[in-house]
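# Structure assessment
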Amino acid sequence: MENWSWMLDESASSVGPQIDRLYYIILVITGIVFVATEVTLLYFLFKYRHREGHKAEYIHGNTKAEIIWTAIPALIVLAIALMSRGLWAEIKDPANVPADAMRVMLEAKQFEWNLTYPGPDGELRTGDDFTVRNRLDIPLDRPTVLEMTSVDVIHSFFVPDFRLKQDIVPGMAMQMWFQPTRAGVFPIGCAELCGIGHTRMRGTLTVHSPADYQAWVNEQVQGAASAAEPAAPAPATQAQ
Amino acid sequence: MATHAATAEGHATGAGHDEHHKLSFIRTYIFSTDHKMIAKQFLLASLLFLLIGGILAGLVRWQLGFPGQPIPFIGSMFSDTTAPGGIILPEFYNSLVTMHATFMIFFAIMPLLVGVWGNFLIPLQIGAPDMAFPRLNTASFWISVPAGILMLASFFVEGGAAGAGWTSYAPLSANPEYSGVHMGQVLWLVSLIILGFSSLTGAVNYITTIINMRAPGMTWFRMPLPTWSLFVTSWLLLLAIPILTGGLIMLLFDQTIGTGFFNPATDGEPLLWQHIFWYFGHPEVYILILPAMGLVSEVISNRARKPIFGYHAMVLAIISIAFLGWVVWGHHMFQSGMNPLLGTSFMISTIIIAVPSAIKVFNWLGTLWKGDIHFDVPMLHALAFVAMFIIGGLSGIFMASAPVDIPIHDTYFIVAHIHYVLFGGSLFGIFAGITFWFPKMFGRMMSPKLGKIHFWVTIFAYNAVFFPMHNLGLRNHMRRIYDPNSYEYLQPLQGLNTFISIAAFILIAGQMIFAFSFFYSMFFGEKAEQNPWKSNTLEWTAAGHPPGHGNFPGGTPHVYRGPYEYSSPESNEDFLPQGVPPEPVRRGAVPREPGFLPTGD
């Protein structure tokens, strides 16, 4: 029965709890409105059902009621909009991208995600970069910025556990940042119909402890050095 | 307010009709200029497309409920490029998803609301002999026929039908290298370009007719709400369709003659397509719901035997929904990569549109309050509209909040929302309309027994299909994926997907009850009285039964009051038609207080 739940699974990124909180606020508000209106509807249908000899009351409306039920929903939805505004800016405003983040390049194409990492020097676009297909591996202790491009159609990078989703439009350089809050392995999906192979455009996001992450980088660099010429970006080395 | 209505004579000359001359079969049933016949043509054609759209949905649900298994019974009919051995291929699945939405939106719901009721109701409800431009009206229907044929034909061309989604996001839709579909996409584009002219000619006709041809006394605020909503919808069509057509032509050029409007390699801009598409696409959502709101308002007021609560507020809500509908398109693009500051402004405008929608719901509840509610089949559908529209409206608030939209965007939560609005809203509104006006259209009643069975099967199966889709979305089930099980985390949802699919098959099968009842009643139904619902509006009380060519045999009616004077103390019955002259003094009648003057004066 958990498939029928309106609860969200536990999130794994810094913005996750805030998005979830807003979701639950909206769930409660809409839940109350839903029950109140549907119960009122059913009650009226029962109470004012047709009975012989009974006539409806001749009422055209009530200005006071119109004002009340215009003003109250307006206030509620404006409150939701205001609550959403700050969080939206925090997540999406380029000014809020953390300066100390690790930068990873993501190139989307039909039907794979190619991720290029800074090598041991910590800098992208240098000779020691390495590229991995369909795997995003990041350390737990610092934020990551994805520099995203697409070479063909629009794809959408979706990490459900991180409450992350960003379309990647060809011809546009896009970026997205996130800060993981726990180690683990999380699915990556493509959320925008991108062609015949859309359904298999998957990947995994692995959050490592800092030490494990370093070990993983070293492993990849050695693999890349034995497989490819030093010029960056190196070809994909690891198929899933 | 002054009455601008023209007399019947002034306009009947343009209608090309002649009372003494019997029209040939072709002029009566095929190239008719009679708005009522054109409405019936739209009705039959769009019900056919509703069936086709439903079958496509059934195939989509087969793949999701029983992935990789051969389609039963009809599986062997499919070609090797679509479903070899009855097993649906991914490219065919993409076409099914795309064409289901395309047929439902453009060829079923839109003509069922605008083509059918715009044609049938507008002249009859305002007391006009026909449309302002009857021959343009004929053209409006016949332009839509080749559009439908081309769209159907696209299934049979090389590469199959369009598979880039009904939204046809470029560059996937612009370049056959990416989608594997060329001719299918071209036909999709050409078909919709042609169909746009059908909508435009219709819209021009409806607007002109309503402005110029209202009967004496039919002031703006005495117009029935279906006519009001169709008037506002026509403006949306008039302003939105050319935007879409422009975008479609650009995409067609990208696809065929090598332009690069949406191709980044030639400095084109893929997001431009989305802006054009949704600048049309969001008003389109209101094109698909406003007429249904009008139909439902009429049925609820009539079957509750009570004036519509807050008539002026209802009209203002229709107008403000239509107006706000122009400034919210960006909420479809929160995750598209457009400037996040734009996201903020679109979020605020979007969330404000909840207010007029809420006003409408409260006014429907207010109409039921202290009413005398008759649960006839049209009323059941109208009440279902209200109950389901509440769900569809509330679920919209989740994605209107841009941060909450991040996880649910492009998931089944969105699929649930759109179907609560388009099926729970529009289609129940259409069923309410068809069952209510059927006696006026065909002179016979639809079977109440079959109607009730159809209603209860539909409402239960419908909720079993679409309500759990919210839950799928919250478990991060993406839309438009061919095989959810390819994601390990979606595998536990297979049982729910199978449940939804079985409910969907019951829902589709249940519609056959309606189809049977529709055609059976047309020929063998109980003969209807002149005014079976004891309605106030002109189509029931002044027009012939069923109305002949020219509509008002007794001459142009005169209108004395608003359309919803039910249970008025002025009358001994519980209705008071718009065309009945007021009696100066009536013995025993309660004098009216000034505050209760009929609306609109």
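Before any of the text, the structure's been laid out above.
Residues numbered from 1 in each chain as written. Chains lettered and ligands numbered in written order. Predicted model: local features only at pLDDT ≥ 70, side-chain atom pairs only at ≥ 80, totals over all residues. Heavy atoms only, no water.

Helix and strand counts for chain B come out as 19 helices and zero strands. In terms of C-alpha radius of gyration, chain B reaches 24 Å, essentially the compact-globule figure of 25 Å for 601 residues. Projected onto its principal axes, the C-alpha positions of chain B cover 80 × 50 × 50 Å. When the 601 residues of chain B are sorted by exposure, 67% land in the buried category. Within chain B, contacts between residues separated by at least 24 positions form 79% of all contacts whose residues are at least 6 apart in sequence. (Helix = DSSP H or I, 4+ residues; strand = E, 2+ residues; numbered from the N terminus. Rg over C-alpha atoms; globule rule 2.2 N^0.38 Å. Buried < 20%, exposed > 50% of the residue type's maximum accessible area, 1.4 Å probe, protein only. Contact = heavy atoms within 4.5 Å.)

All names here are of chain A. One open sheet accounts for five strands, arranged β4-β10-β9-β6-β7; its pairing is mixed. Since the sheet does not close on itself, it has two edges, and those belong to β4 (135-139) and β7 (164-168), each with one partner. Averaged over all pairs of adjacent strands, the angle between strand axes in this sheet comes to 20°, irrespective of strand direction. The pairing of β4 with strand β10 (residues 203-208) spans five bridges and is classified as parallel. Note that in β10 the partner of L136 across the bridge is L205. (Pairing = 2+ DSSP bridges. Axes fitted to C-alpha atoms, helices over the stretch in contact; angles between N-to-C directions.)

Before going further, it helps to examine the environment of P439(B). Residues and elements named next belong to chain B. Among the structural elements, P439 can be located in helix α16 (residues 412-442). Residues P439 and H381, 58 residues apart in the sequence, show an inter-C-alpha distance of 17 Å. Sequence-distant contacts of P439, that is, excluding residues within four places in its chain, are made with R444, M445, A528, P532, W533, W540 and H545.

What follows is about the side chain of S46(B). All names here are of chain B. Structurally, S46 can be placed in helix α3 (residues 35-65). A distance of 2.4 Å separates a polar atom in the side chain of S46 from the backbone oxygen of F42. Setting aside its immediate chain neighbours within four residues, S46 contacts F107, A108, P111, L112 and V116. (Polar contact = N/O pair within 3.5 Å; in protein donor to acceptor, adjacent residues only side chain to side chain.)

Turning to the interface of chain A and chain B, a few remarks are in order. The partner chain B presents 101 residues to the 83 residues of chain A that form the contact. Across the chain A to chain B interface the summed buried area is about 8100 Å²; carbon plus sulfur atoms make up 69%. Per-residue buried area on chain A facing chain B is highest for Y58(A), H60(A) and W88(A); these three make up 11% of the total on that side. Where chain A meets chain B, there are two salt bridges. (Buried area = accessible area lost by both parts, 1.4 Å probe. Salt bridge = Lys/Arg side-chain N within 4 Å of Asp/Glu carboxyl O.)

Now for the packing of α3(B) against α16(B). All names here are of chain B. Relative orientation of the contacting elements α3 and α16 amounts to 150°, with a least axis distance of 13 Å. With respect to the hand of their crossing, α3 and α16 are arranged in left-handed fashion. Every residue of α16 that contacts α3 at A39, K40, L43, L47, L50, R61 and L64 is listed here: Y412, L427, I434, M441 and F442. Here the contact of α3 with α16 is composed, by residue class, of ten nonpolar, no polar and two charged. (Left-handed = near helix turned anticlockwise from the far one by under 90°. Nonpolar A, V, L, I, M, F, W, Y, C, P; charged D, E, K, R; others polar.)

All told, the structure shown has 77 aromatic pairs over all chains when counted by the stated rule. Measuring from centroid to centroid gives 5.7 Å for W69(A) and F309(B), while their planes differ by 50°, and the two rings are tilted. Here F309(B) lies in the loop between α10 (290-303) and α11 (311-324) and W69(A) lies in helix α2 (residues 63-92), a pairing that spans two chains. We note that W69(A), like F309(B), is buried. Their ring planes at 85° and their centres at 5.1 Å tell us that F42(B) and F141(B) sit as a pair that is edge-to-face. Placement of F42(B) in helix α3 and of F141(B) in helix α5 (residues 134-153) is noted, with a sequence separation of 99 residues between them. The exposure class of F42(B) is buried, given its relative accessible area of 6%. For F141(B), a relative accessible area of 7% corresponds to the buried category. If you follow R49(A) out to its NZ or CZ, it ends over the ring of F46(A), 4.5 Å from the centre. (Phe/Tyr/Trp six-rings, centres within 6.5 Å; stacked < 30°, edge-to-face > 60°. Lys NZ or Arg CZ within 6 Å of the ring centre and 35° of its normal.)

This part covers the nonpolar core. Among the nonpolar cores identified, the biggest contains 267 residues, and L136(A), F157(A) and W364(B) are the most heavily contacted of them. The residues that make up this core include at least three from each of domain 1 (16-94) and domain 2 (102-228) of chain A. For L136(A), the contacting residues outside a window of four places in its chain are V104(A), L115(A), Y117(A), L146(A), F157(A), F178(A), I188(A), T204(A), L205(A) and T206(A). (Core = buried A, V, L, I, M, F, W, Y, C linked by side-chain atoms within 4.5 Å. Domains from an automatic or database assignment.)

Per the stated rule, a full pass over the model turns up 13 salt bridges over all chains. Residue K370(B) pairs with E57(A) through a salt bridge whose shortest N-O separation is 3.9 Å. Note that K370(B) is positioned in the loop between α13 (354-368) and α14 (377-400) and E57(A) in the loop between α1 (16-47) and α2, a pairing that runs across two chains. For K370(B), a relative accessible area of 27% puts it in the partly exposed group. On the basis of relative accessibility, which here comes to 39%, the residue E57(A) falls in the partly exposed class. One salt bridge connects R305(B) with D574(B), and the closest N-O pair in it is separated by 2.9 Å. Taken together, the positions of R305(B) in the loop between α10 and α11 and D574(B) in the segment after α19 (538-541) put the pair 269 residues apart, joining distant regions of the chain. D574(B) matches R305(B) in its accessibility class, with the two residues each being buried. Linked by salt bridges that have partners in common, R103(A), R125(A) and E147(A) make up one network.

Omega for the peptide link from Q110(A) to F111(A) comes to -5°, which places this bond in the cis form. You can see F111(A) is positioned in the loop between β1 (102-109) and β2 (112-117). Going from H545(B) to P546(B), the amide bond is cis rather than trans, its omega being -15°. Here P546(B) is to be found in the segment after α19. One non-glycine residue, K370(B), lies in positive phi territory at about 60°. A positive phi is found at S567(B), a non-glycine position, where the angle reads about 55°. With respect to the helices, strands and loops of the structure, S567(B) is situated in the segment after α19.

Residue and element names in this part refer to chain A. Taking burial as the measure, the five residues of strand β6 (residues 155-159) include five buried ones, the bulk of the element. Covered by surrounding structure in β6 are H155, F157 and V159 together with S156 and F158, the residues of both alternating faces. Taking the residues between adjacent antiparallel strands as the criterion, β6 and β7 are bridged by four residues, where R163 takes a positive phi near 55°. Pairing of β6 with strand β9 (residues 184-190), which is carried by two bridges, proceeds in the antiparallel orientation.

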